[in-house]
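Summary of structural features
Chain by chain, the residues:
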Amino acid sequence: WGMRWGQSDFCPGADNTHWAGSYMDLGAVTKHSASHAKPNGLILQYGTAGFRTKAEHLDHVMFRMGLLAVLRSKQTKSTIGVMVTASHNPEEDNGVKLVDPLGEMLAPSWEEHATCLANAEEQDIQRVLIDISKKEAVNLQQDAFVVIGRDTRPSSEKLSQSVIDGVTVLGGQFHDYGLLTTPQLHYMVYCRNTSGRYGKATTEGYYQKLSKAFLELTKQASCSGDEYRSLKVDCANGIGALKLREMEHYFSQGLSVQLFNDGTKGKLNHLCGADFVKSHQKPPQGMEMKSNERCCSFDGDADRIVYYYHDADGHFHLVDGDKIATLISSFLKELLLEIGESLNIGVVQTAYANGSSTRYLEEVMKVPVYCTKTGVKHLHHKAQEFDIGVYFEANGHGTALFSTTVEMKIKQLAEELEDKKRKAAKMLENVIDLFNQAAGDAISDMLVIEAILALKGLTVQQWDALYADLPNRQLKVKVADRRVISTTDAERQAVTPPGLQEAINDLVKKYKLSRAFVRPSGTEDVVRVYAEADSQENADSLAHEVSLAVFQLAGGIGERPQPCF
């Protein structure tokens, strides 16, 4: 058998348990597990966001994810992160997700292990642990190191203690960072696994790296002493408020931030935060907006950001992830032209990206756009294929990735080039440092956007006016079984049920500048419908007609979809 488990047929017998026991104290696992008992009949699925549900049902999951993080750490010989958060969910929920060695989301095969371990009955835990260790050829004698972070929910502290219990019972070492934004934990993991090459794995290191890059950039802005730049920030009553407060004095000479919904009185994510603003198309509660002021909202764990403003007539304008990606990629493209480097830059979107943004990027900016399935991991993965990959979901979650080759080349050019070219290369070097390449990060993205607006001398209205969004509508149709719908071409074409795609094609032909697609929800038995067209009226009626087609062809249940606009 040696030090690793071989590939021989595994059968859960006493020998295996006894053998594994010399490296894994299974007795201790069983003993501790009993004090983190699983509620009867509860089944959870590890999805894009990890596990999420009501906080009182999560104690056993936290303990078990501590165990799993140790195995993953031993297998990768790297530090693994565990983040306790439920992001933009209500305050009474909580959740947990694991962070892989380079700050990315957990590998898909380990998502399955997570689901399996979280749902195992008490008496099967030993077997499942041994099973995972065998399947993944985990060397149990390898040291393990796990870092833990948590958001500000009332339940988070106790739940992170359960994670620590799981880590220590399997002999793992750990560092508890306490309160962190989700992207900060991703950053810590990335730093620790690149021996500090990416940065210092402390909050101080994070604040200094980003602020230094931001101040270097904004120094270049042709600021004719016009206006001291200020921004209103809705922190969703979450962790973003605490961390932005800690950080603001580092960058205050370049930007003044006014914090709202900072957690002192309101409830997390309640009537505020990026998710609320994006879905309700209105400002958060508790923020006074004057016309044409720049405002933005973070979500509950500060990994999403959207901007917005009131125009002179008091109309609300949302500047979402699509416009953020457009601003960033246009700026990067201009810098590359200035430097004279032809690097391949790509923008990655999902089918939900507004058609106008795609058209603007491809036709005006001449930047190639790629479409992937919904879900951050698909976008992140695709963005890694380019020298420079920019991805944002319309909801405001995104970042930019730079290949190691590009980073080295730009550093070199910033030394070698002359005058204007050198200045552009220096700027790009700072932009690279300002992005959190491990994950979408509201604080980092905010500073990138603020720097670009200052450098280009753009107001929020001018930014918003780069292109006009096509009117669109999203609807949900209840079905008996969402699995009857399958899609291809990054979810833009329905393969089954037969006849559905043909029906959609015929409906789309009736309207100008129109498109529509349907996809099964990842979490409930509904089919999501998206439609856009040249006017709101047409987008609404196309969405309604498509949902009728779904209802008829995909086994709709309950009442037929009504035109509700």
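Residues numbered from 1 in each chain as written. Predicted model: local features only at pLDDT ≥ 70, side-chain atom pairs only at ≥ 80, totals over all residues. Heavy atoms only, no water.

To keep it simple, the criterion reads: UniProt positions are given in the numbering used here, feature names are shortened, and annotations may be inferred rather than shown by experiment.
The name given to the protein chain in an unreviewed UniProt entry is Phosphoacetylglucosamine mutase, and the organism recorded there is Propithecus coquereli. Listed in UniProt under the heading Pathway (unreviewed entry), the comment for the protein chain reads: "Nucleotide-sugar biosynthesis; UDP-N-acetyl-alpha-D-glucosamine biosynthesis; N-acetyl-alpha-D-glucosamine 1-phosphate from alpha-D-glucosamine 6-phosphate (route I): step 2/2." Under the heading Function (unreviewed entry), UniProt records this for the protein chain: "Catalyzes the conversion of GlcNAc-6-P into GlcNAc-1-P during the synthesis of uridine diphosphate/UDP-GlcNAc, a sugar nucleotide critical to multiple glycosylation pathways including protein N- and O-glycosylation."

What to know about the overall build of the protein chain
Note the cut-off: To qualify as a helix, a DSSP run of H or I must reach at least 4 residues; to qualify as a strand, a run of E must reach at least 2; elements of each kind are numbered from the N terminus. Put simply, the radius of gyration uses C-alpha atoms, and a globule should come to 2.2 Å times the residue count raised to 0.38. Residue burial is assigned from relative accessible area. The probe radius is 1.4 Å, only protein chains are included, and a residue is buried under 20% of its type maximum, exposed over 50%, and partly exposed in between. It only takes one pair of heavy atoms within 4.5 Å for two residues to be counted as in contact. Where accessible areas are quoted, they stem from the Shrake-Rupley method and a 1.4 Å probe; at the residue level, only the protein chains shown are allowed to cover.
Along its length, the protein chain carries 19 helices and 19 strands. Computed over its C-alpha atoms, the radius of gyration of the protein chain comes to 25 Å, within 12% of the 24 Å expected for a compact globule of 565 residues. For the protein chain, the residues scored as buried account for 57% of the 565 residues in total. For the protein chain, restricting intrachain contacts to residue pairs at least 6 apart in sequence, the fraction spanning at least 24 positions comes to 70%. For the protein chain, the accessible area works out to roughly 23,400 Å², and carbon and sulfur atoms hold 50% of it.

A look at the UniProt feature "binding site: Mg(2+)" (unreviewed entry) in the protein chain
Spelled out, the test is: In protein, a polar contact means a hydrogen-donor-capable atom and an acceptor-capable atom, both N or O and within 3.5 Å, with residues adjacent in sequence counting only if both atoms are side-chain atoms; elsewhere, any N or O pair within 3.5 Å suffices.
As annotated in UniProt, the feature "binding site: Mg(2+)" (unreviewed entry) corresponds to S87, D299, D301 and D303 in the numbering used here. The largest pairwise C-alpha distance within this set of annotated residues, which runs over 217 residues, is 8.1 Å, so the set is compact in three dimensions. Within the secondary structure, D301 is located in the loop between β8 (295–298) and β9 (305–310). Of note is the side chain of D301, whose polar atom sits 2.9 Å from the side chain of S87. The residue D303 is located in the loop between β8 and β9 in this model. Here D303 falls in the buried class, since its relative accessible area comes to 7%. Once residues lying within four places of it in the same chain are set aside, the contact partners of D303 are S87, K97, T182, P183, G396, H397, G440, D441 and A442.

Thoughts on the domain arrangement of the protein chain
We count it as follows: Domains are outlined according to an automatic or database domain assignment. When two parts are put together, the accessible area they lose, computed with a 1.4 Å probe and summed over both, is reported as buried area. For this document, the term salt bridge refers to a Lys or Arg side-chain nitrogen within 4 Å of an Asp or Glu carboxyl oxygen. Just so you know the grouping, Ala, Val, Leu, Ile, Met, Phe, Trp, Tyr, Cys and Pro go in nonpolar, Asp, Glu, Lys and Arg go in charged, and all remaining residues, Gly too, go in polar.
Splitting the protein chain by domain gives domain 1 (26–179), domain 2 (200–467) and domain 3 (472–554). Distance from the C-alpha centre of domain 1 to the C-alpha centre of domain 2: 32 Å. Taken together, the 18 residues of domain 1 in the interface contact 19 residues of domain 2. Both sides together, the interface formed by domain 1 and domain 2 hides about 1,500 Å², and carbon and sulfur atoms give 55% of it. Between the two partners, domain 1 and domain 2, sit two salt bridges. A salt bridge links K377 to E111; the nearest nitrogen and oxygen atoms lie 3.2 Å apart. By residue class, the composition of the side of domain 1 that touches domain 2 is four nonpolar, seven polar and seven charged.

Quick word on the side chain of N436
Along the chain, N436 falls in the loop between α15 (419–434) and α16 (442–456). Setting aside residues no more than four positions away along its own chain, N436 makes contact with P183, Y187, Y198, Y206, T399, D441 and S444.

Some details on the pattern of salt bridges
Per the counting criterion, the structure on display carries 31 salt bridges. Among the salt bridges present, the one from K54 reaches D93, with a minimum N-O distance of 3.0 Å. Of the two residues, K54 is situated in strand β1 (residues 51–54) and D93 in strand β3 (residues 93–99); the sequence distance between them amounts to 39 residues. You can call K54 partly exposed: its relative accessible area is 36%.

Describing the confidence of the model for the protein chain
Note the following rule: Per-residue confidence from the predictor is reported as pLDDT, a score between 0 and 100.
Residues at a pLDDT of 70 or more form 94% of the protein chain, whose mean pLDDT is 91. Predicted confidence for residues 1–22 stays below pLDDT 50, and this span has 37 contacts to residues more than four positions away or in other chains.

Side note on the sheet that holds β3
Rule in force here: Pairs of strands are assigned from DSSP output, requiring at least two bridges between the strands. Every axis in this analysis is a line fitted to C-alpha atoms, fitted for helices over the stretch in contact. Angles between the N-to-C directions lie between 0 and 180 degrees.
Taken in spatial order, the five strands line up as β1-β3-β2-β4-β5 in an open sheet, and their pairing is mixed. Each edge of the sheet is formed by a strand with only one pairing partner; in this case those strands are β1 and β5 (173–179). Direction aside, the axes of adjacent strands within the sheet are offset by 15 degrees on average. In terms of strand pairing, β1 meets β3 through four bridges, oriented antiparallel. The residue bridging R52 from the neighbouring strand is G95, located in β3.

Notes on the packing of helix α11 (residues 321–339) against α15
The condition is simple: By definition, any crossing whose near helix is turned counterclockwise from its far helix by less than a right angle is left-handed, and any crossing with a clockwise turn is right-handed.
Between α11 and α15, the shortest axis-to-axis distance is 8 Å and the interhelical angle comes to 145 degrees. Crossing of α11 over α15 shows left-handed handedness. Residues F331, L332, L335, L336, E338 and I339 of α11 form the contact with α15, whose own contacting residues are K420, K421, A424, A425, M427, L428 and V431. Each residue belonging to the contact of α11 with α15 can be placed in one class, and the counts come to 10 nonpolar, no polar and three charged.

Description of the side chain of T79
Within the element layout of this structure, T79 appears in strand β2 (residues 79–84). Dropping the residues within four chain positions of it, T79 is found in contact with P101, F145, V147, V189, R192 and N193.

Re the pairing of β5
Here strand β4 (residues 145–150) runs beside β5; their pairing, made up of six bridges, is parallel. When the bridges of β5 are listed, F145 appears paired with Q173.

Section: the environment of V233
Turning to its location among the elements, V233 is positioned in strand β6 (residues 230–234). Taking the C-alpha atoms as reference points, V233 and N261, 28 residues apart in sequence, are found 8.4 Å from one another. Leave out the neighbours within four places in its chain, and V233 touches L244, V257, Q258, L259, F260, M287, C296, F298 and M446.

Details of unusual backbone geometry
P497 follows T496 through a cis peptide bond whose omega is -5 degrees. We note that K77 has phi near 50 degrees; this positive angle belongs to a residue other than glycine. At A490, a position not held by glycine, the phi torsion is positive, near 55 degrees. Here A490 lies in the loop between β16 (486–488) and β17 (493–496). Take A490: its relative accessible area is 16%, and that puts it in the buried class.

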